[in-house]
There are 2 protein chains.
Amino acid sequence: MKKITIKEIAKITGVSSATVSRVLNDNGRFSEETRKKVLDAIEKFEYRPNVVAKSLRTSRSKTIGVIVPDITNEFFAHIVLAIENLCVPRGYSVFICNTSESEEKEKMYIKDLEAKGVDGLICLSGIMDVPADVTRQQIPVVCIDRKPNNQHVIMVESDNVTGGYLATEELIKKGCQKIVMLRDERGVSPMQNRYVGYLQALADYGLPLDKNLVINVQVDVFSAKRAITELIQAGVAFDGVFAGTDWLAFGALMALKEHHVQVPEQVKIVGFDNITVSQFSSPAITTIHQDKAKMGETAAKVLLDIIDNGLDHVKTRNITLPIELIRRETTG
Amino acid sequence: MKKITIKEIAKITGVSSATVSRVLNDNGRFSEETRKKVLDAIEKFEYRPNVVAKSLRTSRSKTIGVIVPDITNEFFAHIVLAIENLCVPRGYSVFICNTSESEEKEKMYIKDLEAKGVDGLICLSGIMDVPADVTRQQIPVVCIDRKPNNQHVIMVESDNVTGGYLATEELIKKGCQKIVMLRDERGVSPMQNRYVGYLQALADYGLPLDKNLVINVQVDVFSAKRAITELIQAGVAFDGVFAGTDWLAFGALMALKEHHVQVPEQVKIVGFDNITVSQFSSPAITTIHQDKAKMGETAAKVLLDIIDNGLDHVKTRNITLPIELIRRETTG
């Protein structure tokens, strides 16, 4: 028996996949003519509901699970809020699970959400490999921010390469020649991409890469403060800092203030994320705006689309959202 | 048949309720002698498991639901993290639900968590009335921060009255005579209690209450900034601000800076919560520390205790946690 998909039925009958799905689920609007056409095609081509299991589950739990590495991180919290704001009005409950960056907890929660019969999962900046038993179960998974190694996962992320480029370019255009980059020591994909942008900007503007100015730190304010303090104390010359997150930028700012280095006169700073600390610090921090609301909303839309219409329905596996340079006082 | 409780069995056998519970569930450590004693008593007094349903449910879901009004608020996020940190090592999954301060969403989530068979609920700063169908279902509920109207809910909160008192006293001791209070316009219970502390301190130090200095605002930074700007523009004299939250304190600080009023020389400020904005603002904000980790941990412990041993087992229905004055630059 030929395994025909919803998409093929749609093609044959000349209606959209969403309409085929609506007819199959007897849910939503369609004409009597459409219904007949679709049901005829289904009979003729022996379409079997279990071929595209997701699109035809009749008893949905109407629940989405969201896996978050750190709920106290404002960046993640705003993405989660956007997911919530999109899903709840469409009748879905959103269960948020905090993993404290623990792979063990992440696996536990994924299993547990599965056992509770969630219709889909959104993983924020999760572990490198989505467990095989999840992907086997065909529960739709959409990842945000950090790219897992699995090939077939749908991914939503900011354009981190361009972000890193714009941040570095801003410093160069304002006269910086020796630009420190503070980056997450774990080498996660978004930070790697920001580093690529940094390298490209240096190359484009003919500045040499000084490996001593590329500093790997834990992503917290005090690690960044310590790293910049050490540079100052070691007498390393630098006139710009591109910090991989706003909190790292703030830590750098603290160290510079403490050592009476004038910002932006002597050293300029650009952060990343555009969270409140960059807006409200003094001086306010120039940063790269990640559209957190759009990230959450996009991931949620794609997930609900897969739940309703099957994975075949989704055209783009990698969705990259534009970022924006926000100029503030640290490069003023 | 006499309805005997675990507590009574414990009394009769001379072991703790927790031990009786462990024997009944055949879970954890106890001696053979203890087991015999407990089981004998159970037989003799015809103890029936369904008398204290919670303590004997054999098929637990091992899941806790947490209802949060605003996941992007650092204060709540840290409480949630503490709940998570306590429950997960004890084998519980924690499902977090964000309500965006919507009563409708809160009710939806409570129903949904119930339907998923959670063993207990923790409500952070929730609605005024826990729905009757929840309390009827006998799912244990512990509330944090805001007190609902229901009588029989277990409540964990900071000592907000003393907090309000210490904040006001700090301003008075540093020489302030005309102290503005910025408070949440919704009149929620923690803010009411902070106001009571403010009133008591004024009275104790013989300062008159000036109703024009008690300002109701929305709890966001810009509302506070606007309120203080209006006071300055109206020419109202004041030399201290007790802000009901750190974000309100930060908004007040922004307004004062913008109008070139020196802090702390001309106006002193005390906030509430001790979240990062108070630590990292410039000048750093004196505040009242709420022990967020302890609040989450305490609520989680009580909830797991009720799940294991029944509501009868809990001695205190109202748990008040101590607060602490953190002196920083705004009263320096």
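Model, not experiment: these values are computed from the prediction.

(A) Up close: the overall build of chain A. Looking only at helices and strands, chain A has 13 helices and 12 strands in total. Sequence-distant contacts in chain A: of pairs separated by 6 or more residues, those separated by 24 or more amount to 69%. Accessible area for chain A stands at about 14300 Å²; split by element, carbon and sulfur atoms hold 49% of it.

(B) Inspection of the interface of chain B and chain A at higher detail. With 34 residues of chain B in contact, the opposing surface of chain A contributes 34 residues. Counting each side, the surface lost to burial between chain B and chain A is near 2900 Å², with a carbon and sulfur contribution of 65%. Considering only the surface of chain B that becomes buried against chain A, Phe95, Lys116 and Phe280 of chain B emerge as the three largest contributors, covering 22% of it. Our enumeration of links across chain B and chain A arrives at 2 salt bridges. Salt-bridge contacts for Glu84 of chain B lead to Lys105 of chain A; the nearest nitrogen and oxygen are separated by 2.9 Å. Where chain B touches chain A, the interface holds 11 residue pairs in polar contact (both at pLDDT 80 or more). Of all the secondary-structure elements, those providing two or more residues to the side of chain B that touches chain A are helix H5 (74–87), strand E2 (93–98), helix H6 (103–115), helix H10 (221–233), helix H11 (246–258) and helix H12 (276–280) of chain B. Considering every element that reaches the side of chain B that touches chain A, the biggest residue donor is E2 of chain B, with 6 residues. Tallied by class, residues from the side of chain B that touches chain A come to 18 nonpolar, 11 polar and 5 charged.

(C) Expanded view of the sheet that holds strand E6 (residues 179–184) of chain B. All names here are of chain B. The 4 strands are arranged E7-E6-E8-E9 in an open sheet whose pairing can be described as parallel. Strands with a single pairing partner mark the edges of an open sheet, and in this sheet they are strand E7 (214–217) and strand E9 (268–270). Across this sheet, the average inter-strand angle for adjacent strands is 20 degrees, counted without regard to direction. Summarising the sheet, E6 and strand E8 (residues 240–243) pair through 4 bridges and their orientation is parallel.

(D) Representation of the nonpolar core in the model. Counting 152 residues, the largest nonpolar core has Leu182 of chain A together with Leu182 of chain B as its most contacted members. Aside from chain neighbours lying at most four places away, what touches Leu182 of chain A is Ile215, Val217, Ala224, Ala227, Ile228, Val241, Phe242, Ala243, Gly244, Leu248 and Ala252 of chain A.

(E) Molecular detail of helix H8 (residues 160–173) of chain A. Residues and elements named next belong to chain A. Between its first and last C-alpha atoms H8 spans 20 Å; for 14 residues at 1.5 Å apiece the expected length is 20 Å, and the two agree. Taken across its 14 residues, H8 has 10 buried, putting it largely inside the fold. Looking one or two places after H8, you find Gly175, whose phi comes out positive at around 105 degrees.

(F) A look at the relation of the copies chain B and chain A. With an RMSD of 0.4 Å, the operation that places chain B on chain A is a rotation of 179 degrees combined with a shift of 0.1 Å along the axis. Interpreted geometrically, this transformation is the action of a two-fold axis. An overlap of 100% is found between the interface residues of chain B and their copies at the interface of chain A, pointing to a shared contact surface.

(G) How the structure looks around the pattern of salt bridges. Residue and element names in this part refer to chain B. What the rule picks out here adds up to 25 salt bridges over all chains. Note that Arg35 and Glu32 form a salt bridge whose closest N and O atoms lie 3.4 Å from each other. Here Arg35 pairs with Glu32, and both are found in helix H3 (residues 32–44), just 3 residues apart, close to one helical turn. Its relative accessible area of 26% is what places Arg35 among the partly exposed residues. Judged by relative accessible area, Glu32 falls into the exposed class, the value being 54%. Its salt-bridge partner being Glu170, residue Arg327 comes within 2.9 Å of it at the nearest N-O pair. Of the two residues, Arg327 sits in the segment after strand E12 (324–326) while Glu170 sits in helix H8 (residues 160–173), which places them 157 residues apart along the sequence.

(H) Molecular detail of the sheet that holds strand E7 (residues 214–217) of chain A. All names here are of chain A. With parallel pairing, the 4 strands of this open sheet are ordered in space as E7-E6-E8-E9. Two strands close off the open sheet at either side, each with one partner strand: E7 and strand E9 (268–270). Strand-to-strand twist of the sheet, defined as the mean angle between neighbouring strand axes without regard to direction, takes the value 20 degrees. Where strand E8 (residues 240–243) and E9 come together, 3 bridges link them in parallel fashion. Bridge pairing in E9 places Phe242 opposite Val270. Where H8 meets the sheet, its contacts fall on strand E6 (179–184), E8 and E9, and the angle it forms with E8 comes to roughly 165 degrees.

(I) Spatial organisation of the packing of H10 of chain B against H11 of chain B. All names here are of chain B. Running from amino to carboxyl end, H10 crosses H11 at an angle of 40 degrees, the nearest separation of the two axes being 7 Å. Between H10 and H11, the crossing angle belongs to the class labelled oblique. In terms of crossing hand, the pair formed by H10 and H11 is right-handed. Two secondary-structure elements touch here, H10 through Val221, Phe222, Ala224, Lys225, Ile228, Thr229 and Ile232 and H11 through Trp247, Leu248, Phe250, Gly251, Ala252, Met254, Ala255, Leu256 and Glu258. In terms of residue class, the contact of H10 with H11 is made up of 12 nonpolar, 2 polar and 2 charged.

(J) Seen up close, the environment of Ala224 of chain A. Residues and elements named next belong to chain A. Along the chain, Ala224 falls in helix H10 (residues 221–233). Relative accessible area serves as the criterion here: at 0%, Ala224 is assigned to the buried category. In this structure Ala224 touches Leu182, Leu248, Gly251 and Ala252, once residues within four positions along its chain are discounted.

(K) Fine view of the environment of Ser17 of chain B. With respect to the secondary-structure elements, Ser17 of chain B resides in helix H2 (residues 17–25). Taking the C-alpha atoms as reference, Ser17 of chain B lies 55 Å from Pro264 of chain B; in sequence the two are 247 residues apart.

Here is what the cut-offs are and how they apply
Residues numbered from 1 in each chain as written. Chains lettered and ligands numbered in written order. Predicted model: local features only at pLDDT ≥ 70, side-chain atom pairs only at ≥ 80, totals over all residues. Heavy atoms only, no water. Helix = DSSP H or I, 4+ residues; strand = E, 2+ residues; numbered from the N terminus. Contact = heavy atoms within 4.5 Å. Areas by Shrake-Rupley, 256 points an atom, 1.4 Å probe, with all protein chains shown as cover. Buried area = accessible area lost by both parts, 1.4 Å probe. Salt bridge = Lys/Arg side-chain N within 4 Å of Asp/Glu carboxyl O. Polar contact = N/O pair within 3.5 Å; in protein donor to acceptor, adjacent residues only side chain to side chain. Nonpolar A, V, L, I, M, F, W, Y, C, P; charged D, E, K, R; others polar. Pairing = 2+ DSSP bridges. Axes fitted to C-alpha atoms, helices over the stretch in contact; angles between N-to-C directions. Core = buried A, V, L, I, M, F, W, Y, C linked by side-chain atoms within 4.5 Å. Buried < 20%, exposed > 50% of the residue type's maximum accessible area, 1.4 Å probe, protein only. Expected span 1.5 Å × (residues − 1). Least-squares fit on C-alpha atoms with pLDDT ≥ 70 in both. Parallel < 35°, antiparallel > 145°, perpendicular 65-115°, else oblique. Left-handed = near helix turned anticlockwise from the far one by under 90°.

Limitation: the analysis is restricted to geometry and does not speak to function.
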